[in-house]
Each structure stands twice: as structure tokens, then as C-alpha cells.
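Here are the chains, one letter per residue:
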Amino acid sequence: TKNVKQVDLYSPPWTFEVSSEEAFARLKGAIGADRSMEIKEIDADDKYIKFEATRGLTRDVCELLIKDSDKVVTFKVEEEVTGGSFSDLGGQRKMLENIRKSSGVFEVMGGGVTADSYGDVSQGRGGGVKGQLKAFWGLQSGSGFESVFEE
């Protein structure tokens, strides 16, 4: 989640609605259930897990941190490769997605909403580039907000 300068490598944090203790236990369980992953460091007080995942000839080092006050999980993954750097073809993203889904309590922050999904096209509001430009220049109709202006 730290690499926002390279948008193609960015993944948003995960959110959760359960207690941070349960979220931590779910993460430990999901990681422990996968034989290709090995927990290297764990801090139950800070709700931090560091583990290694082996994928073919590569090994990923992943760190997960639960921020209880924000109800989010942030993460960082680095690939350890001997003999050069290669694209992982989305392997790290798939690994994290598998952990998130198998834990059963985490959602992606923003629910997958991106800059391209602005507006609700089903409600007649423009999405995409035109909708974004209209919002930027203040050309939206304001429909639905009449009660705000009645005061």
C-alpha cells in the first residue's frame, strides 16, 4: 500500500468490521493454512505479521499491519529474487487477494471504486471522463440536494 507513485503496483488497504483481535486471528489462520507461506515474525500487541511465501523460484516477504483505530489492514510485499528482477505477472496481488478472501472478514477500501467509476450511470448521472469534467467545472445539476438549499 505504500507505493502510490506507481499506480499499477498500488493496492488499497483492506477494511474490516469485526474486532481487531478476530481480524488478526483470521489473518494468522489464512496464512498458516497455506503450505507455501511461513510466518517469520508476529507481534500480537501491535497486530503485525511478517511472513514469507514461496512461489516457484521466487520468495515474497510480506508484512501486514492491522490499524485498530482505523479498522484497516495495510501491507507491503517485496520479492526476493536471485539473479535479477523479473515481473511476477500479478502473483503478489493474487496471493494477497487469496489471503483476503480466505480470511472472510476483509473488504477492499473503497469497494473497488476508482476515478473511472465516478457517478452512478444507472441513475442517469454521468460517469467516466465527461462526468468527471462536469464535476470539476461545477456543471452538475445538483438534483437530489434540493433540501440542502431550502434552508
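Preceding block: the structure.
The shown structure was predicted, so the numbers you read here are calculated from the model rather than taken from an experiment.

1. Here's the deal with the pairing of strand S5 (residues 72-80)
Then step 1. Bridge count between strand S1 (residues 14-16) and S5: 2 bridges; the pairing is antiparallel. Pairing of Trp-14 across the sheet is with Val-73, part of S5.
Then step 2. Pairing of strand S4 (residues 58-67) with S5 involves 9 bridges; the strand directions are antiparallel. Bridge assignment links Glu-63 to a residue of S5, and that residue is Lys-76.

2. Some points on the sheet that holds strand S6 (residues 106-108)
Then step 1. In space, the 6 strands of this open sheet follow the order S2-S3-S4-S5-S1-S6, with antiparallel pairing throughout. Strand pairing shows two members of the sheet lacking a second neighbour, strand S2 (37-43) and S6, which therefore form its edges. Taking the axes of each pair of neighbouring strands and ignoring which way they run, one obtains an average angle of 25 degrees across the sheet.
Then step 2. Here 3 bridges tie S1 to S6, and the two strands are oriented antiparallel to one another. Residue pairing in the sheet places Trp-14 in a bridge with Val-108 of S6.

3. Some details on the environment of Thr-74
Then step 1. By the element assignment, Thr-74 lies in strand S5.
Then step 2. For Thr-74, a relative accessible area of 16% translates into the label buried.
Then step 3. Sequence separation of Thr-74 and Trp-14 is 60 residues, and the distance between their C-alpha atoms is 6.8 Å.

4. Points about the environment of Ala-53
Then step 1. Among the secondary structure elements, Ala-53 is positioned in strand S3 (residues 48-55).
Then step 2. On the basis of relative accessibility, which here comes to 1%, the residue Ala-53 falls in the buried class.
Then step 3. On a C-alpha basis, the gap between Ala-53 and Val-77 in space is 9.9 Å, while along the polypeptide they are 24 residues apart.

Here is what the cut-offs are and how they apply
- Residues numbered from 1 in each chain as written.
- Predicted model: local features only at pLDDT ≥ 70, side-chain atom pairs only at ≥ 80, totals over all residues.
- Heavy atoms only, no water.
- Pairing = 2+ DSSP bridges.
- Helix = DSSP H or I, 4+ residues; strand = E, 2+ residues; numbered from the N terminus.
- Axes fitted to C-alpha atoms, helices over the stretch in contact; angles between N-to-C directions.
- Buried < 20%, exposed > 50% of the residue type's maximum accessible area, 1.4 Å probe, protein only.

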